[in-house]
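What follows is the residue order along each chain.
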Amino acid sequence: MNTKLWAVDKENPIKHSYPQIKQAADLLEQGEVVAFPTETVYGLGANALSDQAVLKIFEAKGRPSDNPLIVHITKQEQLTGLVDNLTQTAHKLMDAFWPGPLTLVLPKKEGVSQYVTAGLDTLAVRMPDHPVARALMEVSGLPLAAPSANLSGKPSPTTAAHVAEDLTDKIAGIVDGGATGVGLESTVVDCTTEIPVILRPGGVTKEQLEGVVGKVDVDPALLTESSTSKPKSPGMKYTHYAPVAPVFLVEGSQQFLEETIIKAQNEGKKVGFLATEETILKAAGIKELTSIACGTQADLTTVAARLYDALRAFNSTDVDIIFSETFSKTGMGTAIMNRLEKAAGHKVIKE
Ligand code: TXA
Ligand code: MG
């Protein structure tokens, strides 16, 4: 398949890039799969109402069929055909955070494709806050089922180039709207219980959610390192976000970080170092270290925005092993550490 690439204006695509948006929307209407930017990561979209179209997503990504998809919408009226019996809490969360990086797991209606939900009786829905995603849905008139637009197991794409790296010739097209903003996927919240439960930490923090609805729980499977409990979000059980070289999280002082790096170098390893600008600067004395910066400690949203690009960048180096700095698990740090722990397969070296 010849993958089309459309560069579009990301501020006002309908006004400035209508022909490109229309071509992409037409392909979606014809049941094809098209990648597009959202405010979190690039999504791989297909008509959520067509089984044939949805199956193409699983095929292109190599995604296990037991991992359900998020349906993207542009207006709340679209919920009518998709979900039912919404709680007060669900309404409050939508009003507060949509459009934005929050996915709600809701009781699904009869007739929603079993391929989208992987046979579950709930449906994950979100309203993205990105003009390009919204334009595609407005012009096509379709709700779009869309996972992140990476090959299964790879870091999620934050640029059109990342999507092209993984999916060229496997999908009908890529709408290039530049780099995404948040850089990590949406927060997934189960709203089928009285107290909502975070199934995947993401762009909206627990603190922000609690500011709107009071108590919010966290899926116990997210809290245990050895993951004895089965996650309620099927996708959370797979290894993810991993570059080719093994990743180890290093927890401890700057001195311990540096000693860990030097020890591995003395064993003959080519070491990669994933850390913030400040930490890399402090370790500047270490020779032959391949450092890739992910943002600044002063603002963890910059780390979230840079993380996946940094993980991918190690694949064009010759490192044998990657050591990563760690972050405190509060605010955006929770989502960052969740992704880093998965990239590392939970391998942690502690001081
Ligand atoms: O930011 C995002 O959410 C991006 C952009 C493209 O919107 N999408 C995304 O989709 O990250 P994906 O497929 O990579 O991750 C969706 C996650 C998976 O962990 C999946 O198992 C979970 O949501 N999920 C989907 N439907 C669910 C359901 N009914 N119940 C529980 N978890 C569900
Ligand atoms: Mg994904």
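Further up the page is the structure itself.
Conventions we followed
- Residues numbered from 1 in each chain as written.
- Chains lettered and ligands numbered in written order.
- Predicted model: local features only at pLDDT ≥ 70, side-chain atom pairs only at ≥ 80, totals over all residues.
- Heavy atoms only, no water.
- Salt bridge = Lys/Arg side-chain N within 4 Å of Asp/Glu carboxyl O.
- Buried < 20%, exposed > 50% of the residue type's maximum accessible area, 1.4 Å probe, protein only.
- Helix = DSSP H or I, 4+ residues; strand = E, 2+ residues; numbered from the N terminus.
- Pairing = 2+ DSSP bridges.
- Axes fitted to C-alpha atoms, helices over the stretch in contact; angles between N-to-C directions.
- Contact = heavy atoms within 4.5 Å.
- Near = heavy atom within 4 Å.
- Polar contact = N/O pair within 3.5 Å; in protein donor to acceptor, adjacent residues only side chain to side chain.
- Nonpolar A, V, L, I, M, F, W, Y, C, P; charged D, E, K, R; others polar.
- Expected span 1.5 Å × (residues − 1).
- Bend = angle between axes of the 7 residues up to and from the residue.
- Parallel < 35°, antiparallel > 145°, perpendicular 65-115°, else oblique.
- Left-handed = near helix turned anticlockwise from the far one by under 90°.

Draft legend 1. Inspection of the pattern of salt bridges at higher detail. Per the counting criterion, the structure on display carries 14 salt bridges. One salt bridge connects E267 with K269, and the closest N-O pair in it is separated by 3.4 Å. A relative accessible area of 34% places K269 in the partly exposed class. A salt bridge links K329 to E341; its shortest N-O distance comes to 2.9 Å. Taken together, the residues span a long stretch of sequence, with K329 in the loop between β15 (321–324) and α13 (332–343) and E341 in helix α13 at a distance of twelve residues. Taken together, the salt bridges that share partners define one network made up of K154, E165, D166 and R312.

Draft legend 2. Quick peek at the sheet that holds strand β13 (residues 271–275). Taken in spatial order, the five strands make up an open sheet running β14-β13-β15-β12-β16, and their pairing is parallel. The open sheet has two free edges, formed respectively by β14 (290–293) and β16 (348–350), since each of these has just one partner strand. Adjacent strand axes in the sheet meet at a mean angle of 25° when their direction is disregarded. Where strand β12 (residues 247–251) meets β16, three bridges bridge the pair, whose relative direction is parallel. Bridging from a neighbouring strand, V250 pairs with I349 of β16. The strands that helix α10 (residues 254–266) touches are β12, β13, β15 and β16; relative to β13, the one it contacts most, it runs at about 160°. Lying over the sheet, helix α12 (residues 300–313) contacts β13 and β14, oriented at roughly 160° with respect to β14.

Draft legend 3. Molecular detail of the site of ligand 1. T40, N67, H72, S186 and G235 are the nearest of the 27 residues found near ligand 1. T40 is positioned with one of its side-chain polar atoms (N or O) 2.7 Å from an oxygen atom of ligand 1. Within the side chain of H72, one N or O atom sits 2.6 Å away from an oxygen atom of ligand 1. Of the residues forming the shell around ligand 1, the biggest block, three residues, is contributed by strand β6 (residues 122–126). For the shell around ligand 1, a count of residues per class yields 13 nonpolar, nine polar and five charged.

Draft legend 4. Spotlight on the sheet that holds β6. Sheet architecture is open: eleven strands sit in the order β1-β8-β2-β3-β7-β4-β6-β5-β9-β10-β11, paired in mixed fashion. Two strands lie at the open edges of the sheet, namely β1 (4–7) and β11 (217–218), each paired on one side alone. Note: strand β5 (residues 102–107) against β6, five bridges, orientation antiparallel. What sits directly across from T103, in β6, is R126. Packing against the sheet, helix α7 (residues 160–167) makes contact with β2 (34–37), β3 (42–47) and β8 (173–176), and its axis sits at approximately 165° to β8.

Draft legend 5. Examining the side chain of N47 more closely. Following the sequence through the fold, N47 ends up in strand β3. With relative accessibility at 12%, the residue N47 sits in the buried group. Only 2.8 Å separates the side chain of N47 from the backbone nitrogen of L49, close enough to count as a polar contact. In this view, N47 contacts L28, A53, V54, L142, P143 and L144; residues no more than four positions away in its chain are not counted.

Draft legend 6. α12, seen in detail. With 14 residues, α12 should cover 20 Å at 1.5 Å per step; its first-to-last C-alpha distance of 20 Å lies within 8% of that length. Of all the bends in α12, the greatest measures close to 45° and is centred on R306. Those residues of α12 lying buried are V303, A304, L307, Y308, A310, L311 and R312. Where the residues of α12 are buried, they touch α7, β13, β14 and α13.

Draft legend 7. Quick look at the packing of α12 against α13. At a minimum axis separation of 9 Å, α12 and α13 run at an interaxial angle of 20°. As the angle between them shows, α12 and α13 are arranged roughly parallel. Remark: the crossing between α12 and α13 carries left-handed chirality. Listed contacts from α13 to L300, V303, A304, L307, Y308 and L311 of α12 are M332, G333, I336, R339, L340 and A343. Of the residues in the contact of α12 with α13, the class split is ten nonpolar, one polar and one charged.

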